[in-house]
Structure formats: C-alpha cells, structure tokens
Amino acid sequence: MSTQGDKARAFRQLHVPGTPLLMPNPWDRGSAVVLASLGFKALATTSSGLAATLARRDGGVTRDQALAHAADLSAATDVPVSADLESGFGTTAQDVGETARLAVATGLAGFSIEDASGDAAAPVYDLDTAVARVAAAVAHKGDLVLTARAENYLHGRRDVDDTIARLTAYADAGADAVFAPGMRELAEIERVVRAVPLPVSVLLLPGGPDVKALASVGVARISVGGAFAFVALGALVDAATELLEAGTVSAWELAGRGVAASKVAFPEAGA
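Calculation rules
Along each chain, residue indices are assigned from 1 in the same order as the chain's sequence is written. Only residues with pLDDT of at least 70 get local features here, since the model is predicted, and only at 80 or more are side-chain atom pairs given and counted; chain-wide, interface and lining totals rely on the full set of residues. Values reported for side chains reflect all heavy atoms of the structure, with hydrogen atoms and water molecules removed beforehand. Throughout this description, the term salt bridge denotes a Lys or Arg side-chain nitrogen within 4 Å of a carboxyl oxygen of Asp or Glu. Secondary structure elements are defined from DSSP: runs of H or I of at least 4 residues count as helices, runs of E of at least 2 residues count as strands, and each element is numbered from the N terminus. Using a 1.4 Å probe on the protein chains alone, a residue whose accessible area is under 20% of its type maximum counts as buried, one over 50% counts as exposed, and one in between counts as partly exposed. Of the two site types, the cavity is a set of points on a 1 Å grid over the protein atoms alone where a 1.4 Å probe fits but cannot get out, and the pocket is an open set with protein on both sides within 12 Å along at least five of seven lines, each lined by residues with an atom within 4 Å of a point. Grid points are joined across faces, edges and corners, and a volume is the space filled by probe spheres set on the points.

Peer 1: Looking at this structure, how should I read the pattern of salt bridges?
Peer 2: Two side chains that carry opposite charge are able to pair once their charged atoms sit near each other. Applying the stated criterion to the full structure yields 16 salt bridges. The partner of Arg 194 in a salt bridge is Glu 190, with the nearest N and O atoms 3.0 Å apart. Of this pair, Arg 194 and Glu 190 both sit in helix α8 (residues 186-195), four residues apart, which is roughly one turn of that helix. Residue class for Arg 194 comes out exposed when judged on its relative accessible area of 68%. The exposure class assigned to Glu 190 is partly exposed, which follows from its relative accessible area of 26%. Three or more residues joined by partner-sharing salt bridges are found here, namely Asp 84, Glu 114, Arg 149 and Glu 151.

Have a look at this one:
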C-alpha cells in the first residue's frame, strides 16, 4: 500500500457498517508505529494528544503544526492515517478549503472537519455556514476520505434531531463519513446510523456502549480520541508521584511491556 491513493481507497473500504473499523489515535510517531505493529488497520491523529506533546491544551495547535504532524504519522507506517483537522483552522469556507488542499500533500488517507465555531456564545456554526464549510473541503480534498463532524454533544447541545439534520446535510454536501463525538446512548446512535446515508463513526466513551454494542446497531468506525495519549500521561504521573513520595518505582513490569513492544515495532539501529 505504497501510494496515497492506495491508502485512501483502503481506508474507504474499511468502513463497513456492523463490522466497525477500530481506529486508535496515536499522538506521536512512536505510538503510531507501535499501534500499527499491533495489527490496527488504520490510525487517526488526535488534536488533544498532539497538543499535549507541545505542552498545550486542545485547540492550541496551528494548522502548520497539525499538517506536519499528519505528514509525519502518514510516513511512519504503511496503514492509512486520518487527521483530526479540528474546525479547518479558520472561520470561513475558504479557510477550510485551503486546509483541505494542504492536507492532500501530507500523504493522509483522510481527515475530519468539525462544525464547532470556537465561539462560547454560539459554539456550533449555523447549518448553512457549516454545510458551506464541508462543501469547501469536498472541493479540495481529492481522493481523501472526508469525515464531517457534528459537535453538538461536545458543547452541551444534546439534540439528536439537529445532529441528524446536520450529518444528513453534510452527506448531501459530499462528505464520505460522519461523526458525532460525545454521543453515549445506544438508541440515539442507532437513530443516527439509520437516518444518515453514510458510514457513522463513534467515539468510545466511559459509560457508553462498547464495541460489540456499537457493531450491533451498524456503526462503521470507532476511535478513542485523546484517551491513549492521556493514559500514557496518567501512567507517567503515577510513576513519577510514587518516586517523589515513596522513593520507589513499581511500574517496571508495565515499562517492560513497553520495551518489548518497541523492540517488535521499531527497526534496529542502522536498519
């Protein structure tokens, strides 16, 4: 799978309703290579995970940084990579179109664009504006798989009818897949799957349905967002706190599993 076109086609074909693609989110080149070595068939970047590597909060990464990160992860493995390109790094449809155009040059197989505005008073774009932004991405994405995101649930707007209306409109505008992160109720997720004529991606969340349940209602893709990146940071905090407070480190077994995984995934020096 050496060309970008090959990866994009493979990524598109991995979206099978009822047999969801498990697509974890690495946060750097090493984690991407390890995850690919474990057998995952596609990967996705995480905006919050990337931001954490730069000592920033989610939303604090520039377009150039996000695209450079996407190119690095795309080159790191032979599996398709989809990038979280947030809200397209601009307020206008033209900004989103330019982000999509630049994404094509990174080697990505796909990318996502969200309808969050960044405005606390109106955190989600109105539908007409949001659709225009998706259409601009479609016009410049080439063969890449575009996932259009409805951000209602991440901003306290638990409105499944509006979410369905948005995702359907994004499908009509030419998106290839849809995503409504933050949904936890299986019945609501099933409504989305039944109503929207595109593969539906779901973010796995604590307290929400598991992979088996999501598969049963026809979900086509499942990701974990920044969870794995913050699992790594959590393990770091635990081990470092133990060292500071107790003068011990009890995580050697966990570290050993990491070392073993790296020896499998990473080439020998000079190779």
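Moving on from the model shown.
Peer 1: Would you mind showing me how to read empty space enclosed by the protein here?
Peer 2: Which parts of space are left empty comes out when a probe the size of a water molecule is rolled across the atoms. Tallied over the entire structure, the rule returns two cavities of 30 Å³ or more. Size it by volume and the largest cavity reaches roughly 60 Å³. Lining of the largest cavity is provided by Ala 180, Pro 181, Gly 182, Met 183, Ile 189, Val 192, Val 200, Ser 201, Val 202 and Leu 203. At the level of elements, α8 and β7 (200-203) are the ones that each hand at least two residues to the lining of the largest cavity.

Scope: geometric values only; no functional claims are made or implied.
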